[in-house]
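# A closer look at the structure
Below are the chains, spelled out letter by letter.
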Amino acid sequence: MAEKTMTEIQEEIIEEFGIFDDWLDKYNYLIDLSKSLPIIDAKFKTPEFLIEGCQSSVWLKTEMVDGKVVFTADSDAIITKGIIALLVRVMSHRQPEEILDTDLYFIDRIGLKENLSPTRSNGLVSMIRQMKLYALAYQAKSKQK
Amino acid sequence: MAEKTMTEIQEEIIEEFGIFDDWLDKYNYLIDLSKSLPIIDAKFKTPEFLIEGCQSSVWLKTEMVDGKVVFTADSDAIITKGIIALLVRVMSHRQPEEILDTDLYFIDRIGLKENLSPTRSNGLVSMIRQMKLYALAYQAKSKQK
Amino acid sequence: MALDINKIRNDFPILKQMVHNRPLVYFDNAATTQKPVKVIESMDRIYRETNSNIHRGVHHLSDLTTRHFEEARETIRKFINARHDHEIIFTPGTTAGINLVAFSFGEKYVRQGDEIIISAIEHHSNIVPWQMLCERKGAKLKIIPINDHGELLMDQYEMLFSSETRLVALTHVANSIGTINPVKKMIETAHRHEVPVLIDGAQAVQHGRVDVQDLDADFYIFSGHKMYGPTGIGVLYGKEAILDELPPYQTGGEMVDQVSFEKTTFNRLPFKFEAGTPNYIGGIGLAAAADYLQETGLDEIAAREKDLLEYGNKRLAEIGGLHLFGEAGNKISIMSFILDDIHPYDAGMIIDKYGIAVRTGNHCAQPFMERFGIRGTIRASLVFYNTHQEIDLLCEAVEKVKQMFN
Amino acid sequence: MALDINKIRNDFPILKQMVHNRPLVYFDNAATTQKPVKVIESMDRIYRETNSNIHRGVHHLSDLTTRHFEEARETIRKFINARHDHEIIFTPGTTAGINLVAFSFGEKYVRQGDEIIISAIEHHSNIVPWQMLCERKGAKLKIIPINDHGELLMDQYEMLFSSETRLVALTHVANSIGTINPVKKMIETAHRHEVPVLIDGAQAVQHGRVDVQDLDADFYIFSGHKMYGPTGIGVLYGKEAILDELPPYQTGGEMVDQVSFEKTTFNRLPFKFEAGTPNYIGGIGLAAAADYLQETGLDEIAAREKDLLEYGNKRLAEIGGLHLFGEAGNKISIMSFILDDIHPYDAGMIIDKYGIAVRTGNHCAQPFMERFGIRGTIRASLVFYNTHQEIDLLCEAVEKVKQMFN
Ligand SMILES: Cc1ncc(COP(=O)(O)O)c(C=O)c1O
Ligand SMILES: Cc1ncc(COP(=O)(O)O)c(C=O)c1O
């Protein structure tokens, strides 16, 4: 898994979205993607893993497996969940360094920037910040050793 | 004294001011008038008789003489004092009824309205209010009898 | 006389905007209303022609601007039929006004063990300041409960009064669902218990005539930006006799009379409560908005909005799986709803793509949402410049939402 | 590079106004400045094209306006070189900002017997809130005295500190006479005593570069309307570490996180301190003003104003019987003066007739006036759009005043 770099995956997604003519197709695709997201185990849907957004909530679980950061996530809103699916596809199973060093530009390029507007309060901005913080924490930890 | 009505005196003043071409003449005349104002005795320049304006202060003393209200007044600012001279000329030595019933329109008509703007904080607005209140008080008192 | 809707829509430049390549349908009026040209131009003109700081200025522009600002106060006085100009305090908005009263009234009258009554359908701005006051003073908050229609329970209200009750703080109209509370009767009840009443009028003044003397409200508070006026300005009305007794809240600037390092005395009403340079341009803009409402006719506005509500309710009722919240008999044209199994946020995202501005979420009324066991609603709040066609577009968008997410 | 004064005057539409049939000479800039077209149009555009209430909105216009508002915050952050966006709190103005700190800092850190240091040349807005706080808490106000030039006495300042000192609240520039206080050094002194410092920047940010990190100010506060921006908006900068510790001031609206009738938790910075709908249009207008100042060049502005001050001082010194107050070596272009035996109000009335806007009175600095045994002054406060010719006109008017009253 994740032989490709984060940048390569981002380009892949941009190409996939290139075929859509309008927002309707894009959002329908996001809805499909939301269904593909491995459902987070109910037992992790606790306040500990909750990222509160005013509009929708996001749960994020992080593990370190073989030196790579593995993200599992979920949301109570479908569109948010679809975007989470994309974020997990790009960012999960990566070494902390890559997560920290790579610019996340694909959301903007596929025309979903509005979903990352801090004003949307859908929890996604906090989620991405959280993902990077975890990566940073893991990196710090591994350097300590 | 004060055979003429307040309205007649107001008309007289309006006519006097009619000869002035510009503000300069008017203000010079006010300055002259300020000098004509009988100076209020220093012993009355106490907080009791003070009407505080933020910009200039006004002192007002009121007496009842033979059923008529007599005003004596002063100000630390010359222009204010000039206007006071006009107000005293119109309003002093009057029966309370006349003071209460007569509209004071001459200030506006001679183009000095700005001096009565509440915003000028020169104490004049408060002074006129105070003059009417005194008249009201005297009237109430005489009715009691 | 019915309103000429074409003329009215022309008064609001923004209504011609395109959003996502569609004509804007603005249904977020409870959050903030749009502004008529008259209001926009009134402020523009000041900035270009007469702007100057007010009060105590001896020069012409200062005098002029002060007059305009004080005329604005008089306009607002008439707008709500207050007795005196100096009962009109300009504030930055409703929230600021409520906080002012919570502080000044609280300092003067609220002690350990006292009680304050609010309702279950308040905006956070009429909840939290009272919570903070109660915390500071060791006082207690009592809540008037609601029924399933979103109406306050009058018998319960009456029972909340005790000899410890110091104030009732009540919204005139609920922003989450539009319920119009019977505030006149409720004020009467409170006064029978000798308790003064603060009314949060943020959602009321823009929808019909408000007469503070007729209501006999002790405080009446609203925001400019929700009544077609500018942001950053609002009004606190208070009865002279009460305002006179209250200590100032914020201090500094024109609101002081004499200042020395030993002792400071305060200016009279309304200045006592207007610390610093007030938003005088906002105040003048707000008066222009009040004028606009008067000219348009508040009764006509109320009638038109009633018609919009009826049509909207009817059309939304035709949509399967749609549940409306707040079916009070007496309400403004707010339609707050949820769709079976669809997150309000998802719905909002799609409705937005249709160029329709609705609000989703808890509308700053979390306790209300909890009462109904929901996290939020989709709220369409309509005003007189909205149309039946726009409601049809909303229904179309909602059908699309259902189709996409089910 | 020197400023192109014709171009600049064209930026300010009001400067073309006639007053009493003469071209307006606007010398009341310390009370409020005029606004460039850029600022006026930035707000006009929002009202016509994008207005919508900010935060939590899912629809396009709300998103857009929120972005513009948050970009405005970032613009202000850069303008004063704060470290973080969330250290920038939008307030209704300087007075509101100072009151906020007086309350929140006071609640947290000020106890019976504590001391707060202010100076003898403060505006009422930076005196009275501290008096009220001291009264509430039983604390004490200590005053840094001034010399005859209107400069603070540094040795006395140092001696005011004690283990009870909790805060220094100090104006950057005195509005009555223009003295620029050596705030950087004074902050250093305070920090040596581990006392934080609040700077009232209301008369500073519009006249030169301000770098809050370089100053190491703990709080820095200013008003929009005095820096070419709109009324009803201002800025409170505070260091993150301190702001985080302070309790909220006003409550309600977006500043809360979770609300229930039992317990309310608060949002993070900056929202914790922005209760209710902020003046978001004012905030965007203020950012336009900051942009305008940056584009024009704050160093160029400072240089031009220095030149105006020198010329003005020279010309006024030629007038017999005229006494200037405030001859600090380092000051902004404020000329505060009295005329022998002539009441400032009388002078102001005549100067006004020349179309010249000056302010007369105590300039909300009564203790300062008392220090010099005067009731008020005539204050001409100049900024970069003023000219030598305008100063000549003032001198002409002053000569006329002398002629009339002597
Ligand atoms: C030094 C100073 N501080 C505070 C203020 C108060 O500012 P505002 O009236 O905008 O709140 C002023 C305004 O005159 C001032 O000059
Ligand atoms: C009922 C009610 N009260 C208070 C407020 C707060 O008003 P503002 O944000 O203008 O202070 C609102 C605004 O949403 C409201 O609807």
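Refer to the structure above for everything that follows.
Note that the structure is predicted; figures quoted are calculated from it, not measured.

## Structural notes on the site of ligand 1
Around ligand 1 lies a shell of 14 residues, among which Thr277(C), Thr95(D), Asp200(D), Ser223(D) and Lys226(D) are the nearest. Ligand 1 sits at a junction of chains, with neighbouring residues supplied by chains C and D. In the environment of ligand 1, an oxygen atom lies 2.6 Å from a nitrogen or oxygen atom belonging to the side chain of Thr95(D). Side-chain polar atom of Asp200(D) to a nitrogen atom of ligand 1: 2.5 Å apart, as the coordinates give it. The protein chains hide 95% of the 400 Å² of surface that ligand 1 would expose on its own. By residue class, the composition of the shell around ligand 1 is one nonpolar, eleven polar and two charged.

## Observations regarding unusual backbone geometry
That bond from Leu269(C) to Pro270(C) is cis: its omega, -5°, falls within 30 degrees of zero. Structurally, Pro270(C) can be placed in the loop between β12 (264-266) and α10 (280-296). A positive phi is found at His93(B), a non-glycine position, where the angle reads about 60°. Residue placement: His93(B) occurs in the loop between α3 (78-91) and α4 (96-101). The class of His93(B) is partly exposed, set by a relative accessible area of 27%.

## Examining the interface of chain C and chain D
Residue-level contacts link 96 residues of chain C with 96 residues of chain D. Both faces combined, the contact of chain C with chain D buries some 7000 Å², and carbon together with sulfur accounts for 57% of it. Among the residues chain C hides against chain D, the three largest losses belong to Tyr47(C), Val58(C) and Phe261(C). Together they make up 12% of the total. Between the two partners, chain C and chain D, sit two salt bridges. One salt bridge in this structure joins Glu41(D) and Arg48(C), with 3.9 Å as the shortest N-O distance. At the surface where chain C touches chain D, the tally comes to 39 residue pairs in polar contact (both at pLDDT 80 or more).

## Details of helix α3 (residues 60-80) of chain D
Helix length check: α3(D) (21 residues) gives 31 Å between terminal C-alpha atoms against 30 Å at 1.5 Å per residue, within 8%. Immediately downstream of α3(D), the backbone of Asn81(D) shows phi near 50°, a positive value.

## Some remarks on the relation of the copies chain C and chain D
Superposition of chain C onto chain D requires a rotation of 180° combined with a translation of 0.0 Å along the rotation axis, giving an RMSD of 0.0 Å. Read as a symmetry element, the transformation amounts to a two-fold axis. Taking C-alpha positions as the reference, the residue of chain C nearest the rotation axis is Gly232(C), at 2.9 Å. Here 100% of the contact residues of chain C are again contact residues in chain D; the copies associate through an equivalent surface.

Thresholds applied
Residues numbered from 1 in each chain as written. Chains lettered and ligands numbered in written order. Predicted model: local features only at pLDDT ≥ 70, side-chain atom pairs only at ≥ 80, totals over all residues. Heavy atoms only, no water. Near = heavy atom within 4 Å. Polar contact = N/O pair within 3.5 Å; in protein donor to acceptor, adjacent residues only side chain to side chain. Areas by Shrake-Rupley, 256 points an atom, 1.4 Å probe, with all protein chains shown as cover. Nonpolar A, V, L, I, M, F, W, Y, C, P; charged D, E, K, R; others polar. Helix = DSSP H or I, 4+ residues; strand = E, 2+ residues; numbered from the N terminus. Buried < 20%, exposed > 50% of the residue type's maximum accessible area, 1.4 Å probe, protein only. Contact = heavy atoms within 4.5 Å. Buried area = accessible area lost by both parts, 1.4 Å probe. Salt bridge = Lys/Arg side-chain N within 4 Å of Asp/Glu carboxyl O. Expected span 1.5 Å × (residues − 1). Least-squares fit on C-alpha atoms with pLDDT ≥ 70 in both.

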